[in-house]
Every structure is written in C-alpha cells, then in structure tokens.
Amino acid sequence: MNVLDVSGMTVYYGPVRGVEDVTLGVGQGEVVALLGANGAGKSTVLKAISGLVKPRAGQLELDGRDLRAVKAAARVRLGLVQVPEGRRIFPALTVRENLELAGLGTGGRAQRRERLATTLDRFPLLRPHLAKLAGMLSGGEQQVLAIARGMMAEPKVLMVDEPSLGLAPQMIEAVYDLLVGIAATGTSVLLVEQNVTLAFEITQRAYVLQQGRLVLSGPSRELADDPRVVDAYLGAGPAPAPRPS
Ligand SMILES: Nc1ncnc2c1ncn2[C@@H]1O[C@H](COP(=O)(O)OP(=O)(O)OP(=O)(O)O)[C@@H](O)[C@H]1O
Ligand SMILES: [Mg+2]
C-alpha cells in the first residue's frame, strides 16, 4: 500500500494549465522521482500535495486518509513536508534558529530539544555551523539545512524540489546520499529533478511530466535507457537555460 496517493490531479492558474490528470503513488521508504523540463508542472504537483495551490480536480490520500479538505499547515502535522525550490531558509537567522523554528508547534520543549539532537546526528555537517547565520552557508550547506529543517517535523513523506540546483557535483552527491539515508529510516521521498541521470541513480521509480501531463512512468533503471525520456525533455520546447541558485 502507498503512503501517498495522488489521482487525477488537475491544477489551473486562471486560464494557465499547471498540470492535468496526474496520478502517482509513493510507497513507504521509497524514493520516487518526478521529472520534467522547465514548466512541465513538477512544482505544481508538489504545491498541490502540500496544499499551497488548490486543484481543480483529483484525489489526494495520505495513508488512505482523504486530504482534500485538510489545510496546508495541518498536512505538515500529518506528515507531508515540502522542501521548496530555492531552499527558503531564513538567511538572517542562525542555523540553530532555523532548525528550532521548524520544530515549533510539535511536542514539548524537551521533545523538541531531543529532536534537534537527533537531527544534528543525522546531519553532522550542520553541527559546526549552528551559531552561523544561515545566509552565510554555502549553497550546498543551505540545501542540507533546508532538508534537515524538513526532517524536524518527522514527516512520513518528504518532498524535495530540485535540491541539486546550482550545487557542485560533489555536494549533489552528498545531498543525494542524505535523501537515500532518510528513505532507509522509513520516510518516503518524492524528489523533483531536472537532472534525470542523477535522479535515476537514487530512485526506485520515476514519473516524467511533459507540459503538464504524465507521459512516462516506471522503474528508474528501465527509464534510464528509455529514449522517450529524452524526447519528453526535448519535446517540451527549448532546452532549459541554466539558472542561478
Ligand atoms: N503562480 C502561477 N501563476 C500562473 N502560472 C503558473 C504559476 N505557477 C506555475 N505556473 C505555470 O504552470 C506551469 C507549470 O509550472 P511549474 O512551476 O509547476 O513547473 P516546473 O516543472 O516546476 O518548472 P521548473 O523546472 O522551471 O521549476 C508553467 O506553465 C508555469 O508557467
Ligand atoms: Mg519547479
């Protein structure tokens, strides 16, 4: 049984189609990729799952529970956490403050302190930077902080939007290792990526979006050799220009 089930999800921004009829599922402890070119609708799917945009149609279930009437903040408490595109950490707060803020509203003070300790054990790279302003961290360290902050909520499903953007290859590998480690502890990961080669390496299954519609899905190792994946990217318009982080 899946932890997360999305079916027939359709989102419009006024007259602009975000996604149409998207159906996908994520199993427990699975790492699943959602792929596609710029504008394909990847972030729209994550936002609709998080409750940040309201779908025009479709079903959404977490552990079999219908979430359609559940507000965004309550979805976080139920275990759906999104690490947004561009990280969105608080640059003028310290690393510690960023983590502590993420733990607010869940459990008592002792429990939050314990969770911070667990988080630092899991993301030891952050430990020497605790007192630093988050805005002073490197891009890769900020991405790790964003993921660690998401994990402070102890989610069932962690959704990560393009974590590799603007990072050096070595740092990308470190971030991906973290995601694999997170899944190994039972939290499912839904990974949005433009970099298909990398995504296929760490995911079990993948879905490919093209211009708002799912065009391919299956085991990552099969899709890695499927020429239709390349078509989905090239068929979506001009090649995506590199973006600054
Ligand atoms: N707030 C918005 N208002 C109007 N249109 C939007 C809005 N957000 C997204 N769109 C449109 O919806 C479509 C899907 O966008 P989305 O951001 O989901 O793509 P994406 O796959 O995440 O792209 P990228 O890789 O560039 O982040 C695009 O055509 C986009 O222009
Ligand atoms: Mg996006």
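Residues numbered from 1 in each chain as written. Chains lettered and ligands numbered in written order. Predicted model: local features only at pLDDT ≥ 70, side-chain atom pairs only at ≥ 80, totals over all residues. Heavy atoms only, no water.

Across all of its chains, the model carries 8 salt bridges by this definition. For Glu30, the salt bridge is made with Arg205, and the minimal N-O distance between the two is 2.7 Å. Taken together, the residues span a long stretch of sequence, with Glu30 in the loop between strand 2 (16-27) and strand 3 (31-35) and Arg205 in strand 9 (residues 205-210) at a distance of 175 residues. Classification of Glu30 as buried rests on a relative accessible area of 13%. With a closest N to O distance of 3.6 Å, Arg115 and Glu154 form a salt bridge. Linking Arg115 in helix 4 (residues 109-122) with Glu154 in the loop between helix 5 (139-151) and strand 7 (157-161), this pair joins segments that are 39 residues apart in sequence. What makes Arg115 buried here is its relative accessible area of 7%. (Salt bridge = Lys/Arg side-chain N within 4 Å of Asp/Glu carboxyl O. Helix = DSSP H or I, 4+ residues; strand = E, 2+ residues; numbered from the N terminus. Buried < 20%, exposed > 50% of the residue type's maximum accessible area, 1.4 Å probe, protein only.)

What follows covers the environment of Thr94. Within the secondary structure, Thr94 sits in the loop between strand 6 (80-83) and helix 3 (95-103). The class for Thr94 is buried, based on a relative accessible area of 15%. When the C-alpha positions of Thr94 and Val189 are compared, they lie 26 Å apart, and in sequence the two are 95 residues distant. Contact partners of Thr94, with chain neighbours within four places excluded, come to Leu130, Ala131, Lys132, Leu133 and Ala134. (Contact = heavy atoms within 4.5 Å.)

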